[in-house]
Amino acid sequence: MPEKILVTAALPYANGPLHIGHLAGAYIPADVYVRYQRLKGADVVFICGSDEHGVPITIRADREHATPQEIVDRYHSLMKESFRRMGVVFDNYSRTSLPLHHKISQEIFLSLNAKGWIREQEIRQYYCVSCRRFLPDRYIEGECPHCHRLGARGDQCEACGRWLEPEQLIAATCKICGSAPEFRLTKHWYFRLSEFQKQLEDWQASKLQWKNNVREFCAGWFQEGLTDRPITRDIDWGIPVPLPDAKGKVLYVWFDAPIGYISSSVEWAQNLGTPERWRDYWCSSDTRLIHFIGKDNIVFHAIVWPAVLMAHGEFILPDHIPANEFLNIEGEKLSTSRNWAVWVDEYLEVFPPDPLRYYLEANAPENKDADFAWKDFQTRNNSELADVLGNLVNRSLSFVEKQFDAKVPPAGEPSEADRAILRAAAEATERIGKLLEEFQVRRAVGELMDLARAGNKYFNDAAPWATIKTDRARCAATLYTTLQLEAALAVLMDPFLPFSAEKLWRMLNAPGSHLDQRWYEVPKLRLQEGRPLGQREILFHKIEDDIIETQIARLKSSQ
Ligand SMILES: [Zn+2]
Ligand SMILES: [Zn+2]
């Protein structure tokens, strides 16, 4: 039986387009992992969707004189399209404004409530008299009590990064109208997170394979002691709290968003015509649940959400939560409000997807923050993708065209060097697989490029342009071997460079699809002698300086 793996990537928030920080943090690592598992033959389901509730969406809607639904419709479509064009292939991409998601979230809330895991509490909350509404944390601004910078939000100061409670702000004002709000009493529903501390700590103690950033972050929270958390809000955009005395209240977006993993899985099963199939994963202890996230989501995925799952009791807990650090842009912190970002849809207007995938993989913010720099992007594309991988393919295929009638040459008697390079491919297959099992994309893609480098060295040392004149059989064997190496590369490339992998497979005119190959059979892949090659194309185009200068100018001027 193939291994069952349920992979989720953090639901992107539908109040803006996708930027490359999102891709680097969660989506590319998740897609690389899923593509690898599919090639391995695992029973893997890859789930995502747009997170469409919460205050930032209502703020944006107010500012643009649009409805929240109009805002999320726009960005849901845009993000879905960006993922598709980047080759991030989900089994289902849903959205949390769907009635299905509302229903499932309300059921989970009611189940937790019935089991006594939710309690009511009256709290004092800011109320704006002129706007006639309670103000959620993000609707309040003021001076940070720690760093004294102005413009700190009710939930966090972006300047010093500290989490805040709204009442800690000095000289708080309403973000909508600017007037000073007053305190009023309001009732909220709290999830009894504090009750789960011991259970969470015991559970995490067994997760020795988790990354340090996740373990250390959680350890800090455990040390401070978990407190009950409000899971309702006084706004009108969201999922209504399904209780008679909760009129005008909705579920807090951080309560309903992770439930989106379940509702998206239910939608996936329904679309397949097997509506109960999601239970084979969510309710089956032989499934590994893996949440890919950025580090800003650790508390919700590693503490609050598992506690909700424990409280509910019918679903499996996450097996792994590979959280990435942040991606900076040209040495500065990425900021959507300052427009210091590279937007995926804008990138795709100019460049193909694979060079960006490669850059974000080779430079992944796995253990520390990484930097995206346009010049570095150009260098990676030109001197690695084009000069190493692309060059190997181009020089060998054009040689076969010229000297062997564009057909796979006869294998002949393999030399020690021929055997060694194919052995290197087999070893790289093994190593890349092992690294991907450990979520080490950066090192894995490095192994791929090293194999292409070894291929170039092999080709140079074999000097087919010389042997063609002296020993045609030897020359044929060199090209035969190089083509076999390239067939292996086409499959090994798929997790990282899916579009180029497909292109290379087509250029080699290898039978079927590269996606039908099995990872551990890659070393046995053989193109038949005499088989005609496909149409040769340039695998990776070099990027000229002026194109990069334009991108840098665009970034700097858009602030
Ligand atoms: Zn501050
Ligand atoms: Zn106001």
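Look a little higher up for the structure.
Residues numbered from 1 in each chain as written. Chains lettered and ligands numbered in written order. Predicted model: local features only at pLDDT ≥ 70, side-chain atom pairs only at ≥ 80, totals over all residues. Heavy atoms only, no water.

Participant: Sorry if this is basic, but what is going on with the overall build of the protein chain here?
Facilitator: A count of helical and extended segments in the protein chain gives 18 helices and 16 strands. Against the compact-globule benchmark of 24 Å for 559 residues, the protein chain has a radius of gyration of 27 Å, which places it among compact chains. Its C-alpha atoms give the protein chain principal-axis dimensions of about 90 × 55 × 40 Å. Per-residue burial over the protein chain gives 57% buried out of 559 residues. Within the protein chain, contacts between residues at least 6 apart in sequence are counted, and of these 76% link residues at least 24 apart. (Helix = DSSP H or I, 4+ residues; strand = E, 2+ residues; numbered from the N terminus. Rg over C-alpha atoms; globule rule 2.2 N^0.38 Å. Buried < 20%, exposed > 50% of the residue type's maximum accessible area, 1.4 Å probe, protein only. Contact = heavy atoms within 4.5 Å.)

Participant: Can you help me understand the coordination of the zinc ion (ligand 2) in this one?
Facilitator: Six octahedrally arranged donors around a metal ideally form angles of 90 or 180 degrees; four tetrahedrally arranged donors ideally form angles of 109.5 degrees. Surrounding the zinc ion (ligand 2) are the protein donor atoms Cys128 (SG), Cys131 (SG), Cys174 (SG) and Cys177 (SG), at 2.2 to 2.3 Å. Between the 4 donor atoms coordinating the zinc ion (ligand 2), the angles at the centre fall across 103 to 114°, so the site counts as tetrahedral. Mapped onto the polypeptide sequence, the residues donating to the zinc ion (ligand 2) form the spacing pattern C-x2-C-x42-C-x2-C. Relative accessible area serves as the criterion here: at 24%, Cys131 is assigned to the partly exposed category. (Donors = N, O, S within 2.8 Å, 3.2 Å for Na, K, Ca; no water. Tetrahedral: all angles 85-135°; square planar, octahedral: opposite > 155°, others 65-115°.)

Participant: Explain the pattern of salt bridges to me, please; I cannot follow it from the model alone.
Facilitator: Two side chains bearing opposite charge may form a pair once their charged atoms approach each other closely. Summed over all chains, the structure comprises 46 salt bridges. The closest approach of N and O atoms between Asp202 and Lys198, which form a salt bridge, is 2.6 Å. On the criterion of helical spacing, the pair formed by Asp202 and Lys198 is a turn pair, its members being 4 residues apart in helix H5 (residues 197-205). Overall, the relative accessible area of 45% leaves Asp202 in the partly exposed class. Here Lys198 falls in the exposed class, since its relative accessible area comes to 57%. For Arg357, the salt bridge is made with Glu361, and the minimal N-O distance between the two is 3.7 Å. (Salt bridge = Lys/Arg side-chain N within 4 Å of Asp/Glu carboxyl O.)

Participant: What exactly am I supposed to notice about the packing of aromatic side chains here?
Facilitator: How two aromatic rings sit relative to each other is set out by the distance from centre to centre and by the angle between their planes. Counted under the stated rule, the structure contains 31 aromatic pairs. Both rings, one in Phe109 and one in Phe255, keep their centres 6.4 Å apart while their planes meet at 90°; by these two values the pair is edge-to-face. Of this pair, Phe109 sits in helix H4 (residues 99-114) while Phe255 is found in helix H7 (residues 253-271), placing the two residues 146 residues apart along the sequence. Residue Phe109 is classed as buried on the basis of its relative accessible area of 0%. Judged by relative accessible area, Phe255 falls into the buried class, the value being 4%. Here Trp163 and Trp221 contribute two aromatic rings whose centre-to-centre distance is 5.9 Å and whose plane-to-plane angle is 80°, an arrangement assigned as edge-to-face. Highlighted residues: Trp163 in the loop between strand E7 (152-153) and strand E8 (170-174) and Trp221 in helix H6 (residues 212-224), separated in sequence by 58 residues. In this structure Trp163 comes out as partly exposed when scored by relative accessible area, which is 46%. Trp221 sits in the partly exposed class, given a relative accessible area of 22%. (Phe/Tyr/Trp six-rings, centres within 6.5 Å; stacked < 30°, edge-to-face > 60°.)

Participant: Explanation requested: the coordination of the zinc ion (ligand 1) in the structure shown.
Facilitator: Every protein donor of the zinc ion (ligand 1) is listed here as Cys144 (SG), Cys147 (SG), Cys157 (SG) and Cys160 (SG), and their distances to the metal cover 2.3 Å. In this structure, the zinc ion (ligand 1) is coordinated by 4 donor atoms arranged in tetrahedral fashion, with angles at the metal of 106 to 116°. Along the chain, the residues donating to the zinc ion (ligand 1) fall in the pattern C-x2-C-x9-C-x2-C. One end of the pair, Cys147, is in the loop between strand E6 (140-143) and E7; the other, Cys160, is in the loop between E7 and E8, with 13 residues separating them in the sequence. Exposure remark for Cys160: the relative accessible area of 30% places this residue in the partly exposed category.

Participant: Any chance you could explain the pairing of strand E9 (residues 182-191) here in plain terms?
Facilitator: The side chains of a regular strand alternate between the sheet's two faces. Here strand E4 (residues 118-128) pairs with E9 via 10 bridges, running antiparallel. In the strand pairing of E9, Gln121 is matched with His188. (Pairing = 2+ DSSP bridges.)

Participant: What's the story with unusual backbone geometry in this structure? I'm lost.
Facilitator: Leave glycine aside and you will find that most residues have negative phi; peptide bonds, for their part, are mostly trans. The phi angle at His65 is positive, at roughly 50°, despite the residue not being glycine. With respect to the helices and strands, His65 occurs in the loop between helix H2 (55-63) and helix H3 (68-85). With a phi close to 50°, Ala171 is a non-glycine residue in the positive phi region. Within the fold, Ala171 resides in strand E8. In this structure Ala171 comes out as exposed when scored by relative accessible area, which is 63%.

Participant: Just checking my understanding: could you explain the sheet that holds strand E2 (residues 43-50) for this structure?
Facilitator: Sheets are built from strands paired through backbone hydrogen bonds, the pairs being either parallel or antiparallel. The parallel open sheet is built from 5 strands, whose spatial order is E3-E2-E1-E13-E14. Looking at the sheet topology across the chains shown, the edges are occupied by strand E3 (92-95) and strand E14 (323-324). Inspection of the sheet shows E2 paired to E3 by 4 bridges, in the parallel sense. When the bridges of E3 are listed, Ile47 appears paired with Asn92.

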